[in-house]
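# A look at the structure
Spelled out from the first residue to the last, the chains are:
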Amino acid sequence: MSNITAAVIANRNKKHFLGVPAPLGYVAGVGRGATGFTTRSDIGPARDANDVSDDRHAPPAAKRKKKEEEEEEDEDLNDSNYDEFSGYSGSLFSKDPYDKDDEEADQIYDSIDKRMDEKRKEYRDRRMREDLERYRQERPKIQQQFSDLKRSLANVTAEEWSTIPEVGDSRNRKQRNPRAEKFTPLPDSVLARNLGGEASSTLDPSSGLASMVPGVATPGMLTPTGDLDLRKIGQARNTLMNVKLSQVSDSVTGQTVVDPKGYLTDLQSMIPTYGGDINDIKKARLLLKSVRETNPNHPPAWIASARLEEVTGKVQMARNLIMRGCEINPQSEDLWLEAARLQPPDTAKAVIAQAARHIPTSVRIWIKAADLETETKAKRRVFRKALEHIPNSVRLWKAAVELENPDDARILLSRAVECCNTSVELWLALARLETYENARKVLNKARENIPTDRQIWTTAAKLEEANGNIHMVEKIIDRSLASLSANGVEINREHWFQEAIEAEKSGAVYCCQAIVKAVIGIGVEEEDRKQTWIDDAEFCAKENAFECARAVYAHALQIFPSKKSIWLRAAYFEKNHGTRESLEALLQRAVAHCPKSEVLWLMGAKSKWLADDVPAARGILSLAFQANPNSEDIWLAAVKLESENAEYERARRLLAKARSSAPTPRVMMKSARLEWALDNLEDALRLLDEAVKVFPDFPKLWMMKGQIEEQQNKLDEAAETYSQGIKKCPTSIPLWILSATLEERKGTLTKARSTLERGRLRNPKTSTLWLEAIRIELRAGLNEIASTMMARALQECPNAGELWAEAIFMESKPQRKTKSVDALKKCEHDPHVLLAVSKLFWSEHKFTKCRDWFNRTVKIDPDLGDAWAYFYKFELLHGNEEQQKEVLERCVAAEPKHGEAWCRVSKHIKNWCFKTPEVLNGVVKQLSIPI
């Protein structure tokens, strides 16, 4: 019955389509999309089943698989990887060889691509810059957005600042008030109970720990039961420490051998301070131990081991190691010196004494032994003992001599030079301590023993000079050069010049001059003598050896007496570093040898004039007239001398004589200027009318004529004068500016613009004309037009410092720093840009930086008067009296002549007698504080 049931169940589970042929058009797997593939069973095997496999030499399966993957990667020819324009992404010919034709073709294609890219590069760059500028305008930096608010903070008072509320804390309550972790201390009663003999399984309810699970019974120590007061234990410990410290006190004097207060500090200092890894120490210790055992006669191994222990705080172990090394290597002075260093002072003396017994010829050990002594007497004893063993040690003799008084030192040195007769220092030291006669004998002996050293000869020359035998100095120097050359010593000019400089610094002037005179011509070619000697003089002046420089100039002038350039250099040297008398004496010699040199005559006259010796100055100028008749510079110098001393009639007569004998444009101009300054306007105009007819191409004549007419309010005549002057002198920039300024004053702004435009066309790339045009627009309130003109001006004159300086202050305050950086990139060393940056720091109240930049400006161009004026005004407002005085003195020494504001004051006809300090004060009054 059971079998029937099983068969029935099997038939019931059997699918009805099993064993039935497939319907027409049936494709297996079409319902789940698994179609379109072919298996090996569909096409059959590639070889017969009975064939033997030939895979004996085939590569391993892994390599074979990898190679197939690479081939698939190289030949990715799938339709998804195909493009109609560029084809397959992989190369169809990657397996073919790459020959020269392929390389040439690639180069051609690359050059074409590069050329096509360059055509669009300028457009792309311009587009990118425009996008960047647009982005910066739309999204300015936070710093720029709040710059006006930050500037207004300067006006906030202290009361307003104190009323600003504090910033609230936005964190939640738990973050604002974190609860500290709680710790419950263990009460003394629990400790006392456990220290006693009782055992407890419960806690004292009053201890605060009754809620905790009771602990197991713990047997206590065998001590009496009862309460234990830990405070009393601490007091007893302190008492015991005081007793022990008191025991080490000296009962006789009451002085404590051990300082109780510093006791714990001393203990703390004994703790090792090495912070490295302990494993590194162990490795180093093991390595050094191996070195010591392998080669115990190697002193550096013992020294390194001792220093390792010293670093790790084990000083005693270091001492033991180094002493053991000294026992094994008793002839090593390094080991003994290290041992003395590690030992305390008393022990170190014993160690160094033992070292001296083993190595009595070691200079370092004897010097260490002397250093360990504290008394001078003991040091002397050590050095004398050392000199018994090492009598030829210069170092020991020098150290011993330093401890003696002069008389004993002289005795020691006399013995020292016998033992060390080749030491120059000992001979010279002995010569310094001897009398004049004995010093000469000592130096003679020194020359016999050391015939190749120049210091002995120079010392002998200094000795003779110090004792008044000046005539012997030059003889000694000459004999020294002959003797050294005979002994094969090369005469080096640089070394001898250094010797001369040292001689001057020691006060031996005649010695240094004799040295310079003797060696100045050695090793110099005849055609190079002039330039070489000028370089030598400048080198000596740079080293502050002024007497050496004078000696060089004197020798050069002796050889080249008619060279005007050498006389001028010597005169400027005396002017900067000499006295007035030395300068005048030199100039008298100069004009005697070069009478045709007008500069030398004028320098002599000016020197006399500055010394308030006007008659002497007139005498020099009269001699100059005789040597240089009809010289324009001498005529004008004479006129200036008379006019500066209020001798106006004399000046008029001189100018009239000059006009008749030497009618030059400058003479005519000075004549008219004198009349203008004396307020004789009609005479000045008459002279100028005559002058412009004779010298129409001299622009200053036209300018003066127009300015006088402006002063008389004859504006139309002045305009006509400027117009004629421009026609005659179209390259004169001040004439164009004066004409435009006059038109602006008359109110014809358009005509002023056209004048400057014509001037720029006639004189392209002239920054001064651009600057004046920009300022005209600024004065008219047309800031946008001025900004546009500034951009054009900077394109035409990108390296004009005046334009960049003006452009910095045309920007708004947040943009000024950026503009100043651009200006410094273009004109790094332009004084106008540096002055503008200085003013920028001043406006930002950065006074230290401002002072530094002012110093840099006047150093680069000391002739720019505007920089001195701003610098002086800055010091008047923010500097002390000493700084103000320093700036004023530097300005007077520099004698500036140029600068827009400076010339406006100095060339004003009312200020024609102003000296430099008066001009400086006048300019300072006109300047405004930069904002």
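All values reported here derive from a predicted model rather than from experimental measurement. (Residues numbered from 1 in each chain as written. Predicted model: local features only at pLDDT ≥ 70, side-chain atom pairs only at ≥ 80, totals over all residues. Heavy atoms only, no water.)

Moving on, we come to the overall build of the protein. Along the backbone of the protein there are 50 helices and 2 strands. Scored against the burial criterion, the 931 residues of the protein give a buried share of 34%. Taking the intrachain contacts of the protein between residues at least 6 apart in sequence as the baseline, contacts between residues at least 24 apart amount to 51%. Surface exposure of the protein reaches about 60200 Å², of which carbon and sulfur atoms provide 52%. (Helix = DSSP H or I, 4+ residues; strand = E, 2+ residues; numbered from the N terminus. Buried < 20%, exposed > 50% of the residue type's maximum accessible area, 1.4 Å probe, protein only. Contact = heavy atoms within 4.5 Å. Areas by Shrake-Rupley, 256 points an atom, 1.4 Å probe, with all protein chains shown as cover.)

Moving on: the UniProt feature "repeat: TPR" (unreviewed entry) in the protein. The positions that UniProt labels "repeat: TPR" (unreviewed entry) are, in the present scheme, residues 699-732. Span residues 699-732 is 79% helix and 0% strand, its end C-alpha atoms 7 Å apart. (UniProt positions renumbered as here; feature names shortened; annotations may be inferred.)

What follows concerns helix α19 (residues 394-402). For α19, the set of buried residues is L396, W397, A399, A400 and V401. Against the buried residues of α19 lie α17 (363-372), α18 (376-389), α20 (406-419) and α21 (424-433).

With that settled, the discussion passes to the confidence of the model for the protein. In the predicted model, the protein carries a mean pLDDT of 78, and 79% of its residues have values of at least 70. Within the model, the stretch residues 197-226 combines pLDDT values under 50 with 33 contacts to residues more than four positions away or in other chains. In the model, residues 263-272 has pLDDT below 50 throughout and makes 4 contacts with residues more than four positions away in sequence or in other chains. (pLDDT = per-residue confidence, 0-100.)

A surface patch of like charges, here positive, comprises K575, K606, K640, K670, K700, K897 and K907. Structurally, the position occupied by K907 is in the loop between α49 (900-906) and α50 (916-926). (Patch = residues over 30% accessible without salt bridge, like charges linked within 9 Å, V, L, I, M, F, W, Y side chains within 5 Å. Salt bridge = Lys/Arg side-chain N within 4 Å of Asp/Glu carboxyl O. Lys, Arg positive; Asp, Glu negative; His and termini not counted. Charge placed at Lys NZ, Arg CZ, Asp CG, Glu CD.)

What follows concerns a nonpolar patch on the surface. Nonpolar side chains collect at one region of the surface, where I108, Y109, I112 and M116 lie side by side and expose about 430 Å² of accessible area between them. Locating Y109 in the fold gives a position in helix α4 (residues 100-138). On the basis of relative accessibility, which here comes to 56%, the residue Y109 falls in the exposed class.

Counted according to the given criterion, the structure contains 36 salt bridges. Where E338 meets R341, a salt bridge forms, and the shortest distance between an N and an O atom there is 2.5 Å. With E338 and R341 both in helix α15 (residues 333-342), this residue pair falls 3 residues apart, about one helical turn. R779 serves as the salt-bridge partner of E744, at 2.9 Å between the closest nitrogen and oxygen. Taken together, the residues E744 in helix α39 (residues 733-746) and R779 in helix α41 (residues 767-779) connect sequence positions 35 residues apart. One continuous salt-bridge network, built from bridges that share partners, spans R307, E310, E338 and R341.

As a further point, take the packing of α39 against helix α40 (residues 749-762). When two helices pack together, their arrangement is given by the angle between the helix axes and by the axis-to-axis distance. α40 packs onto α39 with a crossing angle of 165° between their chain directions and a minimal axis gap of 7 Å. The orientation of α39 relative to α40 falls into the category roughly antiparallel. Crossing hand, α39 versus α40: left-handed. Of the residues in α40, those touching α39 at W736, S739, A740, E743 and E744 are L749, K751, A752, T755, L756, R758, G759 and R762. Here the contact of α39 with α40 is composed, by residue class, of 5 nonpolar, 3 polar and 5 charged. (Axes fitted to C-alpha atoms, helices over the stretch in contact; angles between N-to-C directions. Parallel < 35°, antiparallel > 145°, perpendicular 65-115°, else oblique. Left-handed = near helix turned anticlockwise from the far one by under 90°. Nonpolar A, V, L, I, M, F, W, Y, C, P; charged D, E, K, R; others polar.)

Now for a negative patch on the surface. On the surface, a cluster of negative charge is contributed by D99, D101, D102, E103, E104, D106, D110 and D113. The residue E104 is located in helix α4 in this model. The exposure class assigned to E104 is partly exposed, which follows from its relative accessible area of 47%.

We now examine helix α32 (residues 614-627). In this model, α32 (14 residues) spans 20 Å end to end at C-alpha, consistent with the 20 Å of a helix rising 1.5 Å per residue. Residues V614, A617, I620, L621, A624, F625 and A627 constitute the buried set of α32. The buried side chains of α32 occupy one side of the element, clustering within an arc of 165° when seen end-on. Opposite its buried face, α32 presents the exposed residues P615 and Q626, each directed more than 90 degrees away. On the buried face of α32, the contacting elements are α31 (598-610) and α33 (632-644). (Expected span 1.5 Å × (residues − 1). Arc of directions from axis to C-beta.)

On to the packing of aromatic side chains, then. The final tally for this structure, using the stated rule, is 9 aromatic pairs. Where W842 meets F874, the ring centres are 5.4 Å apart and the plane angle is 85°; that geometry is what we call edge-to-face. Of the two residues, W842 sits in helix α45 (residues 831-843) while F874 sits in helix α47 (residues 865-878), which places them 32 residues apart along the sequence. In textbook terms, an aromatic cluster arises when at least three aromatic residues are bridged by ring pairs, as seen for W842, F847, F854, F871 and F874. Above the plane of the ring of F809 lies K839, whose end atom (NZ or CZ) is 5.2 Å from the centre. (Phe/Tyr/Trp six-rings, centres within 6.5 Å; stacked < 30°, edge-to-face > 60°. Lys NZ or Arg CZ within 6 Å of the ring centre and 35° of its normal.)

A few words on the side chain of N911. Position of N911 relative to the elements: it lies in the loop between α49 and α50. Among the residues examined, N911 registers a relative accessible area of 15% and is labelled buried. Aside from chain neighbours lying at most four places away, what touches N911 is V905 and S906.

The next subject is the packing of helix α13 (residues 299-311) against helix α14 (residues 315-328). Close contact between α13 and α14 brings their axes to 7 Å; oriented N to C, the two are set at 170°. By the angle between their axes, α13 is roughly antiparallel relative to α14. From α13, W302, I303, S305, A306, E309 and E310 reach across to α14, where they touch V315, M317, A318, L321, I322, R324, G325 and I328. Considered class by class, the residues forming the contact of α13 with α14 number 9 nonpolar, 2 polar and 3 charged.

Relative to the helices and strands, R589 is located in helix α30 (residues 580-593). Classification of R589 as partly exposed rests on a relative accessible area of 42%. On a C-alpha basis, the gap between R589 and L600 in space is 10.0 Å, while along the polypeptide they are 11 residues apart.

Turning to unusual backbone geometry, a few remarks are in order. Although it is not a glycine, D679 sits at a positive phi angle of roughly 70°. Tracing the chain through its elements places D679 in the loop between α35 (665-677) and α36 (681-694).

Within the secondary structure layout, S820 lies in helix α44 (residues 813-826). For S820, a relative accessible area of 5% puts it in the buried group. A polar atom in the side chain of S820 sits 2.6 Å from the backbone oxygen of K817. In contact with S820, not counting residues within four places along its chain, are I808, V837 and L840. (Polar contact = N/O pair within 3.5 Å; in protein donor to acceptor, adjacent residues only side chain to side chain.)

Take the state of the cysteines next. Counted under the stated rule, the structure contains 0 disulfides. A disulfide-free cysteine, C540 has its sulfur positioned 5.0 Å from the sulfur of C548, the nearest such atom. (Disulfide = S-S within 2.5 Å.)

Once that is clear, we can look at the environment of Y648. Mapped onto the fold, Y648 is located in helix α34 (residues 648-661). For Y648, a relative accessible area of 27% puts it in the partly exposed group. Spatially, the C-alpha atoms of Y648 and L674 are 8.4 Å apart, while their sequence positions differ by 26 residues.

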